[in-house]
Amino acid sequence: GLLKVCQFFGEDLEIHPESRDSIPHGLTLPRVSDFIVKNFKRVSTIPSIFELCLYADTPDNNPYLDKHPYYPNIVIGAGFSHGFKMSPVFGKILSELALGHSPSYDLTLFKIDRFETPKAAL
């Protein structure tokens, strides 16, 4: 069997989507291999497959879960490409917003207008 292991680099690494496969393995592989050695027994540190995953993110690493500021019939869920594990709760929140229900959770951290960017730039 295979085990998927990844290393989140955050803002350390800026990659253009068309050049992601040309990033040298030496940049990322040692960190992932060290993690495997420290946390897993009998798991090889030699990858069967090596890929860099790219995703959309927001400046504070929290997604947008909100209604559009000018068009309340538009619900926005974006900036959480790496948050697959959160999809059940995000789906619940987005469906509540779309149906006009009060969200089950405080969405302050996820509001579109939480940054200084003027709404006209949206």
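The structure we're discussing is the one just above.
Thresholds applied
Residues numbered from 1 in each chain as written. Predicted model: local features only at pLDDT ≥ 70, side-chain atom pairs only at ≥ 80, totals over all residues. Heavy atoms only, no water. Salt bridge = Lys/Arg side-chain N within 4 Å of Asp/Glu carboxyl O. Helix = DSSP H or I, 4+ residues; strand = E, 2+ residues; numbered from the N terminus. Buried < 20%, exposed > 50% of the residue type's maximum accessible area, 1.4 Å probe, protein only.

(A) Looking closely at the pattern of salt bridges. Considering all chains together, one arrives at 2 salt bridges under this definition. The salt bridge partner of Arg114 is Asp60, with a shortest N-O separation of 2.8 Å. Placement of the pair is Arg114 in the segment after helix H2 (87–98) and Asp60 in the loop between helix H1 (29–39) and strand E1 (64–67), with a sequence separation of 54 residues. Owing to a relative accessible area of 21%, Arg114 belongs among the partly exposed residues under this scheme. Overall, Asp60 belongs to the partly exposed group, its relative accessible area being 30%. The partner of Lys111 in a salt bridge is Asp66, and the shortest N-O contact between them spans 3.5 Å. Linking Lys111 in the segment after H2 with Asp66 in strand E1, this pair joins segments that are 45 residues apart in sequence. With a relative accessible area of 10%, Asp66 lands in the buried category.

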